[in-house]
Each structure stands twice: as C-alpha cells, then as structure tokens.
Amino acid sequence: MFRNTSRRNAASEAVSLHQDQALNTTMFLLKSLGPTGFLLREDGELGVVKVSLGDPHVCTCPAFTREQEPCKHICWVLLRRFRLPREHEYSFQRGLVDRQILEVLHGLHRTKDQRTEDGPAAPGTRRQAAGSVCRKAIRAEDVCPICQEALLEKRQPVSHCRRVRGRVAEQSPRGIVHPLTANAYVSAPHRSGCGNNVHVSCMKVWADHQRPSGSGDAVTCPLCRGDFSSLELLREQVHSLQFLLPVRGLLEGGRPPTASIGVTDGKPSLQTTRNGVIEKRRFRRLK
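About the cut-offs
Residues numbered from 1 in each chain as written. Predicted model: local features only at pLDDT ≥ 70, side-chain atom pairs only at ≥ 80, totals over all residues. Heavy atoms only, no water. Helix = DSSP H or I, 4+ residues; strand = E, 2+ residues; numbered from the N terminus. Buried < 20%, exposed > 50% of the residue type's maximum accessible area, 1.4 Å probe, protein only. Contact = heavy atoms within 4.5 Å. Areas by Shrake-Rupley, 256 points an atom, 1.4 Å probe, with all protein chains shown as cover. pLDDT = per-residue confidence, 0-100. Phe/Tyr/Trp six-rings, centres within 6.5 Å; stacked < 30°, edge-to-face > 60°. Lys NZ or Arg CZ within 6 Å of the ring centre and 35° of its normal. Core = buried A, V, L, I, M, F, W, Y, C linked by side-chain atoms within 4.5 Å. Pairing = 2+ DSSP bridges. Axes fitted to C-alpha atoms, helices over the stretch in contact; angles between N-to-C directions. Parallel < 35°, antiparallel > 145°, perpendicular 65-115°, else oblique. Left-handed = near helix turned anticlockwise from the far one by under 90°. Nonpolar A, V, L, I, M, F, W, Y, C, P; charged D, E, K, R; others polar. Salt bridge = Lys/Arg side-chain N within 4 Å of Asp/Glu carboxyl O.

A.B. asks: Describe the overall build of the chain, listing the residues and the values that go with them.
C.D. replies: A count of helical and extended segments in the chain gives 8 helices and 13 strands. Here the chain holds 287 residues, and 45% of them are scored as buried. In the chain, 58% of the contacts between residues at least 6 apart in sequence involve partners at least 24 apart. With an accessible surface of roughly 15000 Å², the chain has 50% of that area assigned to carbon and sulfur atoms.

A.B. asks: Lay out the confidence of the model for the chain with the relevant residues and their values.
C.D. replies: Per-residue pLDDT for the chain averages 75, and the proportion of residues at 70 or more is 63%. Here residues 165-171 scores under 50 on pLDDT; set against residues more than four positions off or in separate chains, the count is 17 contacts. Here residues 185-191 scores under 50 on pLDDT; set against residues more than four positions off or in separate chains, the count is 35 contacts.

A.B. asks: Run through the packing of aromatic side chains, naming residues and quoting values.
C.D. replies: In the structure shown here, the tally under the stated rule is 1 aromatic pair. For the pair Phe 38 and Phe 82, a centre-to-centre distance of 5.8 Å together with 75 degrees between the ring planes defines the contact as edge-to-face. With Phe 38 in strand β2 (residues 37-42) and Phe 82 in the loop between α3 (72-81) and α4 (98-105), the pair connects residues that are 44 residues apart, well separated along the chain. Taken as a pair, Phe 38 and Phe 82 share a single burial class, namely buried. One Lys or Arg, Arg 81, reaches over the ring of Phe 82 and ends 5.0 Å from the middle of that ring.

A.B. asks: Please provide a residue-by-residue account of the nonpolar core, values included.
C.D. replies: Membership of the largest hydrophobic core comes to 26 residues, with the highest contact counts inside it found for Leu 40, Leu 53, Cys 59, Ile 74 and Val 77. A total of 6 residues in this core trace back to one element, the largest contributor, which is α3. Contact partners of Leu 53, with chain neighbours within four places excluded, come to Thr 36, Phe 38, Ile 74, Val 77, Leu 78, Phe 82 and Ile 101.

A.B. asks: Before we move on, can you summarise the pairing of β2 with the specific residues and values?
C.D. replies: Taken residue by residue, a regular strand's side chains alternate between the two faces of the sheet. The buried count for β2 comes to 5 of 6 residues, which makes it a mostly enclosed element. The hairpin turn running from strand β1 (residues 27-32) into β2, its antiparallel successor, is 4 residues long, and Gly 34 in that turn takes a positive phi close to 80 degrees. Direction of pairing for β2 relative to strand β3 (residues 49-52): antiparallel, over a ladder of 4 bridges. Directly across from Leu 40, in β3, lies its bridge partner Val 49. Following β2, the chain reverses through 6 residues before pairing antiparallel with β3; Gly 44 in that reversal takes a positive phi of roughly 90 degrees.

A.B. asks: Give a detailed account of unusual backbone geometry, specifying residues and quantitative values.
C.D. replies: A cis geometry characterises the amide bond from Asp 55 onward to Pro 56, with omega recorded as 10 degrees. Tracing the sequence through the fold places Pro 56 in the loop between β3 and β4 (58-59). The residue Gln 68 is not glycine, and still its phi comes out positive at about 55 degrees. The topology assignment puts Gln 68 in the loop between α2 (62-67) and α3. We classify Gln 68 as partly exposed; its relative accessible area is 40%. Backbone geometry at Gln 148 places phi at a positive 65 degrees, although glycine is not the residue there. As for its position among the elements, Gln 148 is in the loop between α5 (112-117) and α6 (151-154).

A.B. asks: Give me the packing of helix α7 (residues 200-210) against helix α8 (residues 231-240): which residues, what numbers.
C.D. replies: At a minimum axis distance of 9 Å, the contact between α7 and α8 shows a crossing angle of 135 degrees. By the angle between their directions, the pair α7 and α8 is classed as oblique. Considering how the two elements wind past one another, α7 and α8 form a crossing that is left-handed. Facing α7, whose interface residues are Val 200, Met 203, Lys 204 and Ala 207, α8 presents Leu 234, Gln 237 and Val 238.

A.B. asks: Please give an account of the packing of helix α1 (residues 13-23) against α3 that cites residues and values.
C.D. replies: Orientation of α1 relative to α3, taken along the N-to-C sense of each, is 65 degrees, at an axis distance of 8 Å. By the angle between their axes, α1 is roughly perpendicular relative to α3. Both α1 and α3 take part in a crossing whose hand is right-handed. Here Val 15, His 18, Gln 19, Gln 21, Ala 22 and Leu 23 of α1 lie close against α3, whose contacting residues are Lys 72, Cys 75, Trp 76, Leu 79 and Arg 80. Tallied by class, residues from the contact of α1 with α3 come to 6 nonpolar, 3 polar and 2 charged.

A.B. asks: I'd like a rundown of the pattern of salt bridges, residues and numbers included.
C.D. replies: Tallied over the full model, the rule gives 10 salt bridges. Residues Arg 7 and Glu 89 are paired through a salt bridge, measuring 2.8 Å at the closest nitrogen-oxygen approach. Of this pair, Arg 7 sits in the segment before α1 while Glu 89 is found in the loop between α3 and α4, placing the two residues 82 residues apart along the sequence. Here the salt bridges share partners, and the residues they tie into one network are Arg 139, Glu 141 and Asp 142.

Set out below in structure tokens:
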C-alpha cells in the first residue's frame, strides 16, 4: 500500500514525550472539521490550533512546524478523542492511510466490550415519558465531550442538555450538580435536549468560542447541536463554581448517598442522605 510517511515499529523519544504531555494536559475540543479535522484550545492558552489526521498528520502549532513529528495536539486527538492506547501502532505513526483512519473512526482498535460501553445507554439510565427526556445517568466510561476526560474521575461539577420550549428545566438549584451525585436527578423529565452531561467549566469555554460577542440567548449542545441551555443560566452556573468544592468519598462505605444542592443560612450547602442519616455540608468559597 502506497503511503507518504514511513511506518514505525515503536514511538520515537519525541513522540513519547508528546504523548505524556497530551495525557497530562487539559484541552478543549472546540469544533470538529469533518471526521478528521479538529479545532483545539489548550487550557490556559488563548490561541487555538487546527489538527488534521491523514498521511501525514498536520497541526498548526509551532512544535509540529519545527519538528514535523506528531505533537501533543495530534497525540491528544488520537489518545483522548479516539481512545487509542498509547502502545497501539497507530498512535505513534507520522500519518495514517485511509484504511487505517477508517478503522480509528469506527473504533475497530477497541475491544467488543469497550465498543458496547460507548453504545446506547442501558435500560433505566435514561427515563423517557411522552415528549420528554431526562438527564442521563453518569456511567464509569462517560467522558465530557469537550475535554474528553472521564466525568467520574475528574469530578468537576456538571450540567446537562435540557432546553425546554424556550426556557430551561431546573432539576437542581441552578441546574448544577457534582458528577458523583448527578444520578439523584435523573427522574425529573424535561422536553427536548439530549440529556448528556458536560462539565460546566468546559461549557463556558465552548460557549465563549461559539459566541465570542456574547450575542444570542441560547448555548448550543456540543453533542446533539440543539439548545443546551440559556446563556444566562450558564453564566449563573459558572458563577456558582466558586462556592463548590469537589465532593470526596461519597461513593465510599457502601451504597452511595442521594444529594441535592440547597441553601443553608443564606449560603450554598450540600445535603446528603446516607443510610437514613441526613448530613449537611456548607461549601467553602474557593480562593
């Protein structure tokens, strides 16, 4: 098979370093440019880069221009977006031919169990009444569609796609919950929306890129492309993050507690119920 780049049997030292950087850096997928093109922004950086998979792979970042090796952005797309194991032969090549790219796009490098996990949610994880859809329960393998990191591992507050006839359905105060307690809200139905969970902080980055001028009153969902929520509610959720700390240990000690976000003495608090005992925790303000 003719190819523009030579095949490698192992990752070079430079590519191995870039893989480490990709797995330890938070990046945001701002836009998909077809099946093999991606617009990315690294956390803490103002500029964006464009990654195109092909033969060869191409990135607009200075490191790729200088080295002509798969940079951390290309490695991030392969390792995070497409879940290629870093030891897989496709993850360290300078380019992939059409057949190999199709295999990556269809997830043929993954096991049957892994492909099943990413399929439709199991019965009961998404309750649907006539003309309504609910927040999807968060499973262990679920990732944020913007940063591509596991929701239960990163443990940042999440929101979900729940637009309702020009307004937003509230399932918890301000619609913001912790991923470990989000499943307590899956039973409240709402109309329209896909019910998928996204990090609130990632949605802010997504919204800023989609609407740089702040115009319009709705934010587009990165998955279903419908209205995710109102721009005003998203701003309220982002503002609320300063009051919230990651909830640790909620899944320890047997059955996970139910939880809700409320207000105690005028300050945000988390009320959890474990084995019939009600506990209240007041959030500390983040510095």
